[in-house]
Amino acid sequence: MDATEQTFDTVVLERSHEVPVVVDFWAEWCGPCHALAPVLEGEIEAREGAVELVKLDVDANQALAAQFSVSGIPAVKAFRDGKVVSQFVGAQSRAAVATFLDELLAPPRAGALVEELRAAGELPDVVAAVDAGDLDRALDLIVDAVPGAAAEERDRLREVAVALFEQLGQDDPVVSDYRRRLATALY
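Positions within a chain are numbered from 1, following the residues in the order the chain's sequence is written. With the structure being a predicted model, the display of local features is reserved for residues of pLDDT at least 70 and the display and counting of side-chain atom pairs for 80 or more, all residues being used for whole-chain, interface and lining totals. Neither water nor hydrogens contribute to the side-chain values; these are computed over all heavy atoms in the structure.

Peer 1: Before we go on, may I ask you to explain unusual backbone geometry in this structure?
Peer 2: Of all residues except glycine, most have a negative phi; of all peptide bonds, most are trans. In this structure, Pro74 follows Ile73 across a cis peptide bond, with omega equal to 0 degrees. Note on conventions: DSSP H or I runs of at least 4 residues are helices, E runs of at least 2 residues are strands, and numbering of each starts at the N terminus. By the secondary structure assignment, Pro74 is in the loop between helix H3 (62–67) and strand E3 (75–80). Although it is not a glycine, Ser69 adopts a positive phi angle of roughly 55 degrees. As for its placement among the helices and strands, Ser69 is situated in the loop between H3 and E3. We classify Ser69 as exposed; its relative accessible area is 58%. In this model, Leu123 sits at a positive phi of 45 degrees, which is unusual for a non-glycine residue. Mapped onto the fold, Leu123 is located in the loop between helix H5 (109–120) and helix H6 (124–131). The rule is simple: take the accessible area with a 1.4 Å probe, protein chains only, and divide by the maximum for that residue type; under 20% is buried, over 50% is exposed, in between is partly exposed.

Peer 1: Could you clarify how one ought to interpret the nonpolar core in this entry?
Peer 2: One broad trend across soluble globular proteins is that nonpolar side chains are buried collectively. Side-chain atoms within 4.5 Å link the members of a nonpolar core, which is a set of buried Ala, Val, Leu, Ile, Met, Phe, Trp, Tyr and Cys residues. Ranked by internal contacts, the top residues of the largest apolar core, which has 29 residues, are Val126, Val130, Leu139, Ile142, Leu164, Phe165 and Leu182. The set of elements that each furnish at least two residues to this core consists of H5, H6, helix H7 (135–145), helix H8 (151–168) and helix H9 (173–186). Among the elements that make up this core, the one with the highest residue count is H8 (seven residues). By the convention used here, residues are in contact when the closest approach between their heavy atoms is within 4.5 Å. For Leu164, the contacting residues outside a window of four places in its chain are Ala110, Val130, Leu135, Ala138, Leu139 and Ile142.

Shown next as structure tokens:
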């Protein structure tokens, strides 16, 4: 399916609340775009409706390319719940595209990690914040716990934070702020 600036909200953002949507930002003159297209189409088709592909011509839709910071093509961005959750730039091998899609379709790591924490009785305040939908508070608790944590616990805190970053999506401003704060606390 092709998208335009007029249809993008419906065919990508709204649809991504029902099924992950992969957007291929491309242009007619782009050789690597033409090399990637059949690989991307084949791998998505192999997943039998679990993910949908939308193609967006960057020359005809420059405002959307700018909105999503497309500076090189082909640029592929995966949307879930109206947000970019994963992306890559440039032609990729079939195996790399398959891995990209498999990771997109895998159950969210954050949910599984929170259940592990709950079962083990670890980080109860973080679990409570996630349960309340307050991911900002959960990340704040994680970052605050890092400096005084033992090495193994620091790794666990980092793992939970990264999973929450993935859940929020790469473009969420909370992610960039906490990613920086976490790096400072860890190193």
